Amino acid sequence: MWRRDNKFPDNGFEQWGGYMQAKINKLEEQFSSRAGNEAKESNIFNGVSIYVNGFTVPSADELKVLMVRHGGVYHTYQKNNDYIIASNLPDTKVKNMSLARVVKPEWITDSIKSNHLLDYREYLLYRNSITQPQLNFAKVSKTLNSLVENAPQLKQTVSGKENDISNFMKKEEKEIDQFMVSEVKMSNDIKQPDKSFSNSKVNNQSKVDDIDSAKFKNINDINKIIQTTKTAADPNFISEFYNNSRLHHISQLGACFKQYVNDLREKTDFLFPSRAWLKEEIFKSRKQANLSQLNFENGKVIMHIDMDCFFVSVGLRNRPELRGKPVAVTHSKGGQFRTKRSGVDRNTEFQLYRQRQAKQIGKAAGIPEEEVEFESRVDNIADEDDKYGCMSEIASCSYEARAKGISNGMFMGAALKLCPDLQTISYDFEGYKEVAFTLYNTIAQYTLDIEAVSCDEMYVDCTELLKDTGIGVQEFATFLRTEIKSKTGCPCSTGFGGNRLQARLATKHAKPDGQFFLIVELVEDFMFNIKLKDLPGVGRQTAQKLESIGHQTCGSLQSLSLAILQNHFGNKTGALLFDQCRGRDTTPLTFFTVRKSVSAEVNYGIRFENNNQCIEFLKQLSVEVQTRMQQYKVLGKCITLKLMVRAEEAPVETAKFMGHGFCNVINKSTSLNNATNDVEVITKEVISLWKKQNIDPKEMRGVGIQITKLDTVNNKPIKGTLSKFLVNVKTKTEEKCNSLNIPESVDFKSKPECKPDFSTKNSSKTTPKKTKSIAIAKQKSPVTVFPKSPSGKRGRPPKVAKIQVPSRNLLKTFIKGSNIKDTPYKNPMVNTVMPEIEIVKKEEKPQGLLSLPWEKIRELLRAWLDSGQTPLPCDVGMVTEYMCEMVVNKNIDKLYILIKFLRRRTSEIGSDDWKEVYKIIIENVQNAMIAVYGKPLFLGD
Ligand SMILES: Nc1ccn([C@H]2C[C@H](O)[C@@H](COP(=O)(O)OP(=O)(O)OP(=O)(O)O)O2)c(=O)n1
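Residues numbered from 1 in each chain as written. Predicted model: local features only at pLDDT ≥ 70, side-chain atom pairs only at ≥ 80, totals over all residues. Heavy atoms only, no water.

## Details of the overall build of the chain
Alright, step 1. Check the secondary structure of the chain and you find 34 helices and 18 strands.
Alright, step 2. Of all 941 residues assigned to the chain, the portion counted as buried reaches 53%.
Alright, step 3. Summarising the internal contacts of the chain: among those between residues at least 6 apart in sequence, 75% fall at separations of at least 24.
Alright, step 4. For the chain, the exposed area adds up to about 43,800 Å²; of that, 50% sits on carbon and sulfur atoms. (Helix = DSSP H or I, 4+ residues; strand = E, 2+ residues; numbered from the N terminus. Buried < 20%, exposed > 50% of the residue type's maximum accessible area, 1.4 Å probe, protein only. Contact = heavy atoms within 4.5 Å. Areas by Shrake-Rupley, 256 points an atom, 1.4 Å probe, with all protein chains shown as cover.)

## A short note on a positive patch on the surface
Alright, step 1. A cluster of basic side chains, namely Arg504, Lys508, Lys531 and Lys533, defines a positive patch on the protein surface.
Alright, step 2. A residue is classified by how much of its surface remains accessible, and Lys533, at 55% relative accessible area, is exposed. (Patch = residues over 30% accessible without salt bridge, like charges linked within 9 Å, V, L, I, M, F, W, Y side chains within 5 Å. Salt bridge = Lys/Arg side-chain N within 4 Å of Asp/Glu carboxyl O. Lys, Arg positive; Asp, Glu negative; His and termini not counted. Charge placed at Lys NZ, Arg CZ, Asp CG, Glu CD.)

## Here we look at the state of the cysteines
Here a disulfide denotes one covalent bond, and it connects the sulfur atoms of two cysteines.
Alright, step 1. Tallying each qualifying case throughout the model produces zero disulfides.
Alright, step 2. Free of any disulfide, Cys581 has its nearest neighbouring cysteine sulfur in Cys554, separated by 5.7 Å. (Disulfide = S-S within 2.5 Å.)

## A short note on the sheet that holds strand 7 (residues 396-397)
Alright, step 1. Taken in spatial order, the three strands line up as 7-6-8 in an open sheet, and their pairing is mixed. At either end of the open sheet lies a strand with only one pairing partner, and these are strand 7 and strand 8 (423-425). (Pairing = 2+ DSSP bridges.)

## A few points about the pairing of strand 16 (residues 700-712)
Alright, step 1. Strand direction decides the pairing type here: strand 13 (residues 598-602) and strand 16, joined by five bridges, are antiparallel. Within the sheet, the bridge partner assigned to Ser599 lies in strand 16 and is Gln706.

## Overview of the site of the ligand
Alright, step 1. Taken together, 16 residues lie around the ligand, and Arg246, Cys309, Phe310, Ser396 and Tyr399 are the ones closest in.
Alright, step 2. The separation between an oxygen atom of the ligand and a polar main-chain atom of Phe311 is 3.0 Å.
Alright, step 3. Take Tyr399: an N or O atom from its side chain is 2.6 Å from an oxygen atom of the ligand.
Alright, step 4. For the ligand, the accessible surface in isolation is 550 Å², of which the surrounding protein chains cover 74%.
Alright, step 5. For the shell around the ligand, the secondary-structure elements that each account for two or more residues are helix 11 (246-267), strand 5 (302-307), helix 13 (310-316) and helix 15 (399-402).
Alright, step 6. Sorting elements by how many residues they give to the shell around the ligand places helix 11 first, with three residues.
Alright, step 7. Looking at the shell around the ligand, its residues break down into eight nonpolar, two polar and six charged. (Near = heavy atom within 4 Å. Polar contact = N/O pair within 3.5 Å; in protein donor to acceptor, adjacent residues only side chain to side chain. Nonpolar A, V, L, I, M, F, W, Y, C, P; charged D, E, K, R; others polar.)

## Topic: the pattern of salt bridges
As a working rule, side chains carrying opposite charge can pair if their charged atoms are close by.
Alright, step 1. If you walk through the whole model with that rule in mind, you get 29 salt bridges.
Alright, step 2. With its nearest N and O atoms 2.7 Å apart, the salt bridge here joins Arg500 to Glu451. On the criterion of sequence distance, the pair formed by Arg500 in helix 20 (residues 500-510) and Glu451 in strand 9 (residues 450-454) is long-range, its members being 49 residues apart. The pair Arg500 / Glu451 is uniform in exposure class, with both members buried.
Alright, step 3. Beyond isolated ion pairs, a larger network of salt bridges with shared partners links Arg265, Asp449, Asp866, Arg904, Arg905 and Glu908.

## A look at helix 22 (residues 540-548)
Alright, step 1. Where helix 22 is concerned, the buried positions are Thr542, Ala543, Gln544, Lys545 and Leu546.
Alright, step 2. With its phi angle positive at about 90°, Gly550 sits one or two positions after the end of helix 22.

## Focus: the packing of helix 11 against helix 17 (residues 429-444)
Helix-helix packing: each pair is described by the crossing angle between the helix axes and the interaxial distance.
Alright, step 1. Remark: helix 11 packs on helix 17, axes separated minimally by 11 Å, with the N-to-C direction vectors making an angle of 25°. The pairing of helix 11 with helix 17 is recorded here as roughly parallel in orientation. The chirality of how helix 11 crosses helix 17 is right-handed. Every residue of helix 17 that contacts helix 11 at Arg246, His249, Leu253, Phe257, Tyr260, Val261 and Leu264 is listed here: Phe429, Tyr432, Lys433, Ala436, Phe437, Tyr440, Asn441 and Ala444.
Alright, step 2. When the residues that make up the contact of helix 11 with helix 17 are grouped by side-chain class, the tally is eleven nonpolar, two polar and two charged. (Axes fitted to C-alpha atoms, helices over the stretch in contact; angles between N-to-C directions. Parallel < 35°, antiparallel > 145°, perpendicular 65-115°, else oblique. Left-handed = near helix turned anticlockwise from the far one by under 90°.)

## Topic: the nonpolar core
Generally speaking, a soluble globular protein has its nonpolar side chains buried in company with each other.
Alright, step 1. Ranked by size, the top nonpolar core spans 55 residues in total, and within it Met303, Ile305, Tyr432, Ile443, Phe476 and Phe496 carry the most contacts.
Alright, step 2. The biggest single contributor to this core is helix 17, with nine residues.
Alright, step 3. The contact partners of Phe496, leaving out residues within four places of it in the chain, are Val301, Ile302, Met303, Cys462, Val473, Phe476, Ala477, Ala503, Ala506, Phe516, Phe517 and Leu518. (Core = buried A, V, L, I, M, F, W, Y, C linked by side-chain atoms within 4.5 Å.)

## Points about the environment of Arg286
Alright, step 1. Within the secondary structure, Arg286 sits in the loop between helix 12 (274-285) and strand 5.
Alright, step 2. Remark: the alpha-carbon pair of Arg286 and Glu475, spanning 189 residues in sequence, is separated by 8.8 Å.

## Re the UniProt feature "binding site: Mg(2+)" (unreviewed entry) in the chain
Alright, step 1. Look at the UniProt record and you will see "binding site: Mg(2+)" (unreviewed entry) annotated at Asp306, Asp456 and Glu457. Spanning 152 residues, the named residues form one tight spatial group whose C-alpha atoms are at most 5.7 Å apart.
Alright, step 2. With respect to the secondary-structure elements, Asp306 resides in strand 5.
Alright, step 3. Summarising the element assignment, Asp456 is placed in the loop between strand 9 and strand 10 (457-461).
Alright, step 4. Taking the relative accessible area as the measure of exposure, Asp456 reaches 11% and is therefore buried.
Alright, step 5. Not counting residues up to four positions away in its chain, the partners in contact with Asp456 are Ile305, Asp306, Met307, Phe310 and Leu439. (UniProt positions renumbered as here; feature names shortened; annotations may be inferred.)

## What to know about the side chain of Asp585
Alright, step 1. Mapped onto the secondary structure, Asp585 falls in the loop between helix 25 (571-580) and strand 13.
Alright, step 2. In this structure Asp585 is buried but unpaired, with Arg500 as the nearest side chain of opposite charge at 4.4 Å.
Alright, step 3. Only 3.4 Å separates the side chain of Asp585 from the backbone nitrogen of Leu501, close enough to count as a polar contact.
Alright, step 4. A distance of 2.5 Å separates the side chain of Asp585 from the side chain of Thr587, its partner in a polar contact.
Alright, step 5. In this view, Asp585 contacts Asn499, Arg500 and Leu501; residues no more than four positions away in its chain are not counted.

## What about the packing of helix 12 against helix 19 (residues 473-488)?
Alright, step 1. Remark: helix 12 packs on helix 19, axes separated minimally by 11 Å, with the N-to-C direction vectors making an angle of 110°. One way to sum up the angle between helix 12 and helix 19 is to call them roughly perpendicular. Across from Trp277, Leu278, Glu281 and Ile282 in helix 12, the residues of helix 19 making contact are Glu475, Phe476, Phe479 and Glu483.
Alright, step 2. For the contact of helix 12 with helix 19, the class distribution of residues is five nonpolar, no polar and three charged.

## Let's talk about unusual backbone geometry
Alright, step 1. Residues Val57 and Pro58 are joined by a peptide bond in cis, for which omega reads -5°.
Alright, step 2. Residue placement: Pro58 occurs in the loop between strand 1 (49-52) and helix 2 (60-69).
Alright, step 3. With an omega of -10°, the peptide bond running from Lys511 to Pro512 counts as cis.
Alright, step 4. For Pro512, the location among the structural elements is in the loop between helix 20 and strand 12 (515-517).
Alright, step 5. Non-glycine residue Asp513 carries a positive phi angle of around 50°.
Alright, step 6. In this fold, Asp513 is placed in the loop between helix 20 and strand 12.
Alright, step 7. The phi angle at Lys890 is positive, at roughly 55°, despite the residue not being glycine.
Alright, step 8. In this fold, Lys890 is placed in the loop between helix 32 (873-888) and helix 33 (892-909).

Right, dumping it as structure tokens:
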């Protein structure tokens, strides 16, 4: 007999427990013997045990048989790990139990039908909210934490060899994961969450879910639950709100991938071993000579790539039985019972929205507000207790749902009207992140010329990649899409064109699961039928205004001259429209993203009883903003408080539960003398802005804080990046600038009059000796004979007296392994100590760039090109000087890499100044080449 003290079950009859245990054991034995007798049909429920609570269809007995047949366990008495199968439960039961594993019997029957175990979470009995999701504490933090362990592993690149990009990606993914986890953690730490509440088994989610159950029809119960639903007056509201806000997660992910691309570009070597594999695979699969070979004379090839119905595709990986059906990702299940709250007046609220929209259209069309007519009608709007009244938003819907008229962002109720059998699946933030990483990593194996748009979308300049590999656009697209689909299980679409506008429109044309190359010959025809509202530069108001003057398509707008368009829309928008409707777009891709603002906004659950609550909330929101500023390492000068206040004519109770309803928006800003991220300063300013508005806190429906005019922490803007590093060698620099063919003026458009004296008369006889000092600095060497600048003047020394601290990365790069030494530098802007750079002068050693290792030069060059500043002649002089020295030192391989990089970046930047910089450098380098080798460096074109 098993004994209790040995932690084994006791089946004795001495105590009640013993009796019960004996009974349970007996029933289990019966179950096992029955299992032995039943023909086993599958192992779907291997490891799953269920306990049936109450009346179910199929009945408990039938479920027992099904479990036996399909490898599961049926418990007559509930055990810890059991799934509780129930069709409904009396409320006394609900109050006393955890609802996390209460599952509908359909979970069993549907799993058997689809021959695999379906996700039980999709069948939870208590999951439907009244309207919107309620806060599900700690769920997301848990998800993010688990991601750190489970970050997707990169596939090895070429034959097991990994280049630094793939290694870097792995490291970086982890850092980004940690960044996201730390964000959640930080905000929780700061706000000291009420653990008892977070951990409570019946949390807010289940409280509201309870309301959805048809069992809670007693209005007093419902009101009690609504009253206890968390509002912004609760001290833990903000962290919980952000942990559960889908929009917050999307924007976080988007920002992370922008940073990811920045870092990949900054820290890896731009060598792409996977290209060899790509080429090999594509050449292998070619059945005939490549017909789609690109004509590079046509310029750039820009790709736009976007996952198809992203949230749905990721969700369907666990619900394959729903493929091909109309599916939506939303918090709501739809079609369930909801309660009607008193005071809700949907008709009035919707009417107010319509009225505002009509005024906006009127304004866009130049009609005075008082003359705008709008239709005053009473719609047959479903109430919230009607399934068609559900105001839960659809985040993403499948293309089958779109075929029925459903679109992303639509309310669930409206969607159900269009498609009553619309299936819903829940969010999978972990899955989105995993797929997004795979998408970015797949592209980054082949090129880093990426502009990240969001977690599932980016632009890629494929020009260099295609040229380097010699593969065609279509075959690359097919290969890439297949690779992404096989790695992620999700389809994507790609569009290619000569610029970003064409690429984006091509993707739209290709969707879903397709590809389209808008070749130059097709552009005109293609653009003709494009709807103006689909152009990226055309917002709702502009589209409405265009429609009001009779234009809906690009073809139709092409009939208007530039002057007419500018007359109607102003110079900038007019010119944009003129170009866009012809498929023209000169905006270069931005590979390096610079953050312009940091903000935190909450427009859900904002319900205050008094001023103190509102002030407390403003303090918390200030902490949230400051936390984000710290993460992004920025300070800001301008603080804007955004207030959403219930419009006088709007019902007090909003149509959407805890939503903001129809509001007036007030934005108030203040500018500081110095940029800051000090939470006390931010809070003080925000509260002062709030107090000045004199608004009744009860009328507040949304609050946001935005910080703009950003500056990087410890990084004052720098001018003349290179010069600033090397300012203490200004005398030398001055000499060298003078000696190079660099115009003194910043106007790089003006060409130097004379060429450096590298001409053929500098025969090999005059070739300078290989020497550690730079050839061009030596007066007698052929490369030292340089003409004056176009202005005829000699260059002046740079006027920088003292080195300011440049970007941290640059600093780090330079401090290590160079002759730069640290001395404390106190940044007056913030209380942090930063090193000041001082160049140790050693006359006999090479100075400036020449003192640095080649790897550092690459970093510096990259930073210079990405600085977003106008190139200064002295900087150009130094780079030229360095490259000429490489020629002299016969360091041609590395020189070639630098030049290729320089060429690529300058052409990406696309400005005439930078193109001129490239030209000047190349002219000097080629002249040095001729001087040293008697011939120019072969650059391929
Ligand atoms: N306001 C928004 C915008 C986007 N998303 C989420 C859901 C989308 O699935 C995902 C990507 O957005 P897209 O605009 O790319 O839309 P889809 O990928 O769903 O569809 P499409 O195939 O048209 O790109 O981001 C969201 O939840 N809410």
